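A structural walkthrough
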Amino acid sequence: MDAAVKSQIGQRVQRYFLEFLENFRLKNDDGTYETESYYLSQAKTMVLEGKKTLYVKIPHLEQIDPTSISFEPPVLRDVIENKYMMVRDALNAAVPQLLEKLEEPELQ
């Protein structure tokens, strides 16, 4: 695969994965969504506990509110699952970007 194409795929994966992390909310029993982003909450806990790994549940890609994102979740999931080694660095790069969005300065 051409290096420019790999780079472009990596950039898109990073952007879409960050968008997913920022916007995923758990669904309540009544069909509404929680108010706080699940992964922003997880990132806060990760920082407070001094941990370095953010665990992402792949099924969440299919459970995200489709109106809160600009991409097709099944496509991102497919790329992650089938081209993981190619996009791993892009996925990892999205996490520091997420941490920058934490509201409390001491958590960044």
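See the structure above.
Here is a short report on the structure shown in this document. (Residues numbered from 1 in each chain as written. Predicted model: local features only at pLDDT ≥ 70, side-chain atom pairs only at ≥ 80, totals over all residues. Heavy atoms only, no water.)

**Some details on the pattern of salt bridges**
- Counted under the stated rule, the structure contains 4 salt bridges.
- Linking glutamate 36 and lysine 44 is a salt bridge whose minimum nitrogen-to-oxygen distance equals 3.1 Å.
- In this structure glutamate 36 comes out as partly exposed when scored by relative accessible area, which is 38%.
- Put simply, glutamate 81 and arginine 77 hold a salt bridge, and the shortest N to O gap is 2.9 Å. In this pair, glutamate 81 and arginine 77 both sit in helix α4 (residues 73–82), 4 residues apart, roughly one turn of the helix.
- Since its relative accessible area comes to 23%, arginine 77 is described here as partly exposed. (Salt bridge = Lys/Arg side-chain N within 4 Å of Asp/Glu carboxyl O. Buried < 20%, exposed > 50% of the residue type's maximum accessible area, 1.4 Å probe, protein only. Helix = DSSP H or I, 4+ residues; strand = E, 2+ residues; numbered from the N terminus.)

**Some words on the packing of helix α1 (residues 3–23) against helix α5 (residues 84–100)**
- Here α1 crosses α5 at 40°, and the two axes come no closer than 8 Å. The angle between α1 and α5 places the two elements in the oblique class. Read as a crossing pair, α1 and α5 show a hand that is right-handed. Where α1 abuts α5, its residues Lys6, Ile9, Gly10, Val13, Gln14, Phe17, Leu18, Leu21 and Glu22 lie against Met86, Val87, Ala90, Leu91, Ala93, Ala94, Gln97 and Leu98.
- Across the contact of α1 with α5, the residue classes break down as 12 nonpolar, 3 polar and 2 charged. (Axes fitted to C-alpha atoms, helices over the stretch in contact; angles between N-to-C directions. Parallel < 35°, antiparallel > 145°, perpendicular 65-115°, else oblique. Left-handed = near helix turned anticlockwise from the far one by under 90°. Contact = heavy atoms within 4.5 Å. Nonpolar A, V, L, I, M, F, W, Y, C, P; charged D, E, K, R; others polar.)

Function-wise, these values are silent; they only describe arrangement.
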